Amino acid sequence: MNSLPRTLVVVATYNEIENLPPLVTAIHAAMPTADILVVDDNSPDGTGRWCDEAATDDPQLSCAHREGKLGLGSATVVGFRHAIAEDYEIACTLDADFSHDPAKLPELVECLNSADVAIGSRYIKGSMIEGWPLRRRIASRVMNTASRWVLRLPASDTSGAFRAYRVAKLREIDIEAISSQGYAYLEEIVWLLDRHGAKFGEVPITFRERQRGQSKISLKELGGKLSMLSRLAFRR
């Protein structure tokens, strides 16, 4: 890319008041020209309120407020919708808890020189996972492998949220058709983009377990993944 593409970084939040202020600072340091959209699900801890206050002095920061905890999948759709409506060239997504290093954002964007979607991968050479117990590593590997095989997805890591998308490619799909809730949407969006001929690239990352706040992973998330797999497998 000869000039810096107009980029939106989307961060979905629920009770991330400990993480969001330093995360915004880190994103600005890594991507000084990018805008940041926080999609907050009415966090009781004041995450959305902090974002509104910070945005009064930061024109690159904005917050979309939702009425309740509606899930990561629909929050990401809000971000995609905004990126399309406002004619951004690139939309990036990352977790709000510093599991993903914002310093890797430029590398993801650079990967889009030869791809429509760049995935921050935990499962290619050069990647690492820190802070996970063995049982979680095994569960993640099993679910990721199942998703790739059942849906025939063309990436090593189909269940990570650290990604960069060409907005032009997002325009080609029906983002409103993304129906999975929680983290199951991650495989669904790859599935939809693959069906529309998207080219995928992967960048190795170090994934770190969150240090502050509470994890959003639950048995309900696992059930959502299994439901997504069974639903999409018959639509291939």
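Residues numbered from 1 in each chain as written. Predicted model: local features only at pLDDT ≥ 70, side-chain atom pairs only at ≥ 80, totals over all residues. Heavy atoms only, no water.

Student: For the nonpolar core, give the residues involved together with the corresponding values.
Tutor: By size, the foremost hydrophobic cluster in this structure holds 35 residues, and its most contacted members are Leu 170, Ile 189 and Leu 193. Among the elements of the structure, strand E1 (7-13), strand E2 (35-40), helix H3 (72-85), strand E5 (117-121), helix H6 (167-170) and helix H7 (185-195) are those that each provide at least two residues to this core. Every residue in contact with Leu 193, bar those within four places of it in the chain, is listed here: Val 117, Tyr 165, Lys 169, Leu 170, Ile 173, Ala 198 and Phe 200. Counting residues in hydrophobic clusters, the runner-up holds 28 residues, among them Val 24, Ala 30, Ala 96 and Leu 105. (Core = buried A, V, L, I, M, F, W, Y, C linked by side-chain atoms within 4.5 Å. Buried < 20%, exposed > 50% of the residue type's maximum accessible area, 1.4 Å probe, protein only. Helix = DSSP H or I, 4+ residues; strand = E, 2+ residues; numbered from the N terminus. Contact = heavy atoms within 4.5 Å.)

Student: Give me the environment of Thr 158: which residues, what numbers.
Tutor: Within the fold, Thr 158 resides in the loop between helix H5 (134-151) and strand E7 (163-166). You can call Thr 158 buried: its relative accessible area is 0%. In this structure, Thr 158 is in contact with Asn 144, Ser 147, Arg 148, Leu 153, Arg 163, Leu 186, Glu 187 and Val 190, ignoring residues within four places of it in sequence.

Student: Please give an account of the sheet that holds strand E8 (residues 200-204) that cites residues and values.
Tutor: The seven strands lie next to each other as E3-E2-E1-E4-E7-E5-E8, forming an open sheet whose pairing is mixed. The open sheet has two free edges, formed respectively by strand E3 (61-65) and E8, since each of these has just one partner strand. Averaged over all adjacent pairs, the angle separating strand axes in this sheet is 20 degrees, with direction ignored. As defined by bridge partners, E1 adjoins strand E4 (residues 90-93) across four bridges and the pair is classed as parallel. Considered in E4, the bridge of Val 10 is made with Thr 93. Packing against the sheet, helix H1 (residues 20-30) makes contact with E1, E2 and E3, and its axis sits at approximately 165 degrees to E1. Against the sheet, H7 engages E5, E7 and E8, with an angle of about 30 degrees to E7. (Pairing = 2+ DSSP bridges. Axes fitted to C-alpha atoms, helices over the stretch in contact; angles between N-to-C directions.)

Student: Please provide a residue-by-residue account of the packing of aromatic side chains, values included.
Tutor: For the structure shown, the criterion picks out two aromatic pairs. Between Phe 80 and Tyr 165, the ring centres sit 5.0 Å apart and the planes meet at 75 degrees, which makes this aromatic pair edge-to-face. Note that Phe 80 is positioned in helix H3 and Tyr 165 in strand E7, a separation of 85 residues in sequence. For Phe 80, a relative accessible area of 0% gives the class buried. Classification of Tyr 165 as buried rests on a relative accessible area of 1%. Summarising the aromatic geometry, the rings of Trp 132 and Phe 207 are spaced 5.1 Å apart at their centres and angled 65 degrees between planes, so their arrangement reads as edge-to-face. Of this pair, Trp 132 sits in the loop between strand E6 (128-130) and H5 while Phe 207 sits in strand E9 (residues 206-208), and the two are 75 residues apart along the sequence. Of the two residues examined, Trp 132 and Phe 207, each falls in the buried class. (Phe/Tyr/Trp six-rings, centres within 6.5 Å; stacked < 30°, edge-to-face > 60°.)

Student: So, H1: which residues are in play, and what are the values?
Tutor: For H1, the complete set of buried residues consists of Leu 20, Leu 23, Val 24, Ile 27, His 28 and Ala 30. Buried residues of H1, viewed axially, fall in a sector of 165 degrees; they line one side. Turned more than 90 degrees off the buried face of H1, the exposed positions are Thr 25 and Ala 29. As for H1, its buried residues are in contact with E1, E2, helix H2 (47-55), E3 and helix H4 (105-111). (Arc of directions from axis to C-beta.)

Student: Tell me about the packing of H1 against H2, and name the residues and values.
Tutor: Packing of H1 against H2 leaves a shortest axis separation of 10 Å and a crossing angle of 40 degrees. In terms of their interaxial angle, H1 and H2 are classed as oblique. Residues Leu 20, Pro 21 and Val 24 of H1 lie in contact with H2, whose contacting residues are Thr 47, Trp 50 and Cys 51. Classifying every residue of the contact of H1 with H2 gives five nonpolar, one polar and no charged. (Parallel < 35°, antiparallel > 145°, perpendicular 65-115°, else oblique. Nonpolar A, V, L, I, M, F, W, Y, C, P; charged D, E, K, R; others polar.)

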